[in-house]
Each structure stands twice: as structure tokens, then as C-alpha cells.
Amino acid sequence: MRASAPHPLAGRVRQREHDRFFSRYMRLQKGTFPTEIDIKNQDDAVYYGVIGLGRPAQQFRVVFDTGSANLWVPSEECVNCDSMKIHNKFDGPSSSTYEHSRFAVELAYATGSCKGFLARDRLNFGNATVEKVPFVEVFQVSAPFPASDFDGIFGLGFAGLATPPGLVTPLDLMLKTYSGRLREKVFSFLMSNDPSVPGELRFGQVPMERYSEGLRWIDVLKDVDAAGQPAYRFWAVSMDTVSFAGKKLTGRVGLLDSGASCLVLPEKDASLFYDAVREAQQHDARCSALPKLTLTIGGQDYVLTGDDYGFQQLGGCQLCVQAREDRTWIIGDVFHRKFPVTYDFGAHRIGLPLGRHHWTYTSLVLSFMAVALCVPLLVTFGKVYHRRYARRLTTRGTEAPATRDPACELSHSHRSGERLR
């Protein structure tokens, strides 16, 4: 028997090399995409998930908000951040990678505001780790944040929406850190209707299993930043039409906002919609009796029923449709719960499922014109084919029977007789 050759690295050296390889392998695996984060449905009002901040990581429940671009969490020094005594607070000195500043920042939202100082630290979400992420360490908040179920907000808007202007966003840093391994620069939401079933926020992959009929990309519109320059800020798309109760509105812009619970309409549009709802409620108080709201985006119809934007209560149907003094529509979780939405921050576009095709007067006219042009061509082609086929049959029927050479027949008979003999 031949003795086995000794390993070139023996003993402790081999173990050390093995540990080094395994550590490097785990680091590479840790940063791979796609990565998923479970998001919890809190009474159909807000969806939040868990991230880690600092080293060692301190966990926080945050709302992933496409309507803002800043990340903030409450500081240990915040006095009014936790009226319910359920919030986690960030302890900066306990993190070995913490960088603090005295640059004051104030963030304002549709409901509530907060104040704090800029800081930087390591961010963990899902399998991804990003170093030196700027965030606001908040020391003061206003209602409703002190009594909320979440600790902070993770902004997923574009850099043009960040405060202060020019601040690098978490999305930008993630793109810079994983540019080589992030093949699809996207994230998408799966918002569950059932509070007992967690939803999902997925980074790095288009969830094609949710687009059984296909996917349609809609370009995001540019806005004007704080310096007056064109820039991407909100996830804004142009809506072809908005239809309800026989009314059709055109020229509207919709902001896809995962941090908004309801639909928020401009005051004039909301007044028209409320009138249609009141008229429907005179005959039936159920949510299912309310008018359908059709958003036509990219030539596709996305229909929201009364059961989608309303909540049935004992006294009737409670609407999740609000009004504000602005010209844009905010398309919140009411839409996200029914339709999968994919956000492409690399190509500045939004992916929506193929809905029902919206037939306009122009498209119908063009379709009829196309049919009118195709029918004569088909008829002409059929006639030509029929003539050629009939001519071929006629030619075959009038052909003279083939004549045989007597010499050949005689030779054939002679050979046949020989075989018989």
C-alpha cells in the first residue's frame, strides 16, 4: 500500500488557513443579493421592519418610506421620543464605528417632525452591510412619533429629497458599496393584508413571481431641487387619467409613497370624490357599494374598489382617502397592498403589473383603421392563392397520360418470363 502524501499545510497553519478562507467566504455571502427584510403590518396603517445600526449592531424598527430620503432614529438623549416606553434609542458611544457631529437637522413630514444632529455609523439591513451611513440622531420629535409603534424612518427617496441638500442617502451608498454585485438595482414591497402575516421588502431582484401577466416600466419624473435645478426627488409618475363615478380627470401626477397609509388627493379632486362617495352612501353604506377609482398609468388601468380604499365599521365605511393643499396625488399603501410595485433606483423607473388595457377614442380609431387595412390584403391574398390552386388542379387534370416505349415493355415482359420459368 502507498502511504498518502502529507498535507502541505499541517497542524495549526492548516487550521488558520481554513478559518481565513471560511471567514472570507462568509463575508462574501453576507453581502450577496437579493436580500429580504420582513415588514410588519400594524393595523393597515404602517409597515415597518428591523435594521441594525452601529457596531455591535443596535436594532431599530423603522418605516421604509419612499416619500423621504433621510434615515433617523431616536437618541439616548431624546426626552419626548418614547411616551409609550417601547422605543429603542441609539447609544452612540457604545458603537466602535460611531461618528458624531453638531450639524443640526430638522425633518418635516405630512404628519409630525423631528430635530437632531447628523451622525455616521455602520448600517445592517437584511444580508447587506454599508459603512459610514449618514443618519440623524434625533433628540426631539412631535406627534404622532412618541406614541408610534416604530422607532424611526428609513428614507428610500432620491438624493434630491435629502436634508441637508447634497447629503448622501443610504441607497446611494448601497449602490456604491455593492455596484459590482448588485445586478438589479431595485427594491420592491409585498404588503400583506393580514397583520398576522409578515410582508417583505426585497432588495436586488425584481420579484417576477408577482408579475404573472407581465411587467411594465414607467419612467420617474424629474422635479426641482432646493437649488432650483432639475433633479430626481420623489418617485413621481404621470397618470394618463383618473376616473370615478363618470368623471375623468387628466394631467395628474402621482407620488408612489410607501410611508403613506392612504390615498391623498388635491383638495379640488378630493371634493369631487367625496361628493361621489356621499351619493353612493345614500343608497348603500357598505364599502363595496362605493365608486371604483381607476388610475390609468402608462396606458394600463389600475382599479381600486371601495373595499380597497375603505374599512367597514359598525356605522358605515371609513375612507382611507384624504385631502391636502397640493397638485399631486399621493399613492400610498392602499395601492401597494393590491398591486406589486418595484422601484428601480438605477434606471429611475417604477415597475407595475400589466393591468387592463385602457381603450381611448384614439386607440379605438387606430385599431379599426388597422383592421380596415388588413382585411382587403387578406382577401386579395386569398383570391391569389385560390387561383393558383385551381390552376394547378386544372393542369393536372388535362395532362396526357405518359406513353411507354414498346421496346421497354418487351424487354420487361421477357425478363418477367425468365423469372417465372
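Conventions and cut-offs
Residues numbered from 1 in each chain as written. Predicted model: local features only at pLDDT ≥ 70, side-chain atom pairs only at ≥ 80, totals over all residues. Heavy atoms only, no water. 1 Å grid on protein atoms, 1.4 Å probe; cavity = no way out; pocket = protein on both sides within 12 Å on 5 of 7 lines; lining within 4 Å. Points joined across faces, edges and corners; volume = space filled by probe spheres on them. Nonpolar A, V, L, I, M, F, W, Y, C, P; charged D, E, K, R; others polar. Disulfide = S-S within 2.5 Å. Helix = DSSP H or I, 4+ residues; strand = E, 2+ residues; numbered from the N terminus. Buried < 20%, exposed > 50% of the residue type's maximum accessible area, 1.4 Å probe, protein only.

1. A short note on empty space enclosed by the protein
The tally for this structure, following the rule as stated, stands at one cavity of 30 Å³ or more. In this structure, the largest cavity occupies an estimated 40 Å³ of space. For the largest cavity, the full set of lining residues is W72, P74, C81, H87, V141, F145, S148, F150 and D151. In terms of residue class, the lining of the largest cavity is built from six nonpolar, two polar and one charged.

2. Notes on the state of the cysteines
On inspection of all chains with the given rule, the structure shows three disulfides. Across the disulfide from C262 sits C320; the S-S distance is 1.9 Å. Handedness of the C262-C320 disulfide follows from its S-S torsion of about -85 degrees: it is left-handed. Taken together, the residues span a long stretch of sequence, with C262 in the loop between β15 (247-256) and β16 (263-266) and C320 in the loop between β20 (316-319) and β21 (321-324) at a distance of 58 residues. The same class applies to C262 as to C320, namely buried. Put simply, C287 and C317 are joined by a disulfide, and their sulfur atoms are 2.0 Å apart. Residues C287 and C317 are joined by a disulfide whose S-S torsion is about 105 degrees; by sign, that bridge is right-handed. One end of the pair, C287, is in the loop between α3 (267-281) and β17 (293-297); the other, C317, is in strand β20, and 30 residues separate them in sequence. Each bonded cysteine of the protein chain gets a number by its place in the sequence, and the pairs then read 1-2, 3-6, 4-5.

3. Details of the layout of surface pockets
What the largest pocket holds in volume is close to 1300 Å³. For the lining of the largest pocket, the secondary-structure elements that each account for two or more residues are β3 (58-65), β5 (99-108), β15 and β21. Of the residues that constitute the lining of the largest pocket, the class distribution is 25 nonpolar, twelve polar and nine charged.

4. Notes on unusual backbone geometry
Where the residue is not glycine, phi is negative for most of them; where a peptide bond is considered, it is trans in most cases. Following R55, the chain continues to P56 via a peptide bond in cis, the omega torsion being 0 degrees. Looking along the chain, the bond that leaves T163 and enters P164 is cis, with omega of 0 degrees. Looking at where P164 falls in the secondary structure, it is placed in the loop between β8 (152-155) and α2 (170-177). Even without glycine at this site, D44 takes up a positive phi of about 60 degrees. Considering the arrangement of structural elements, one finds D44 in the loop between β1 (35-42) and β2 (46-53). The phi torsion at A245 lies on the positive side, around 50 degrees, for a residue other than glycine.

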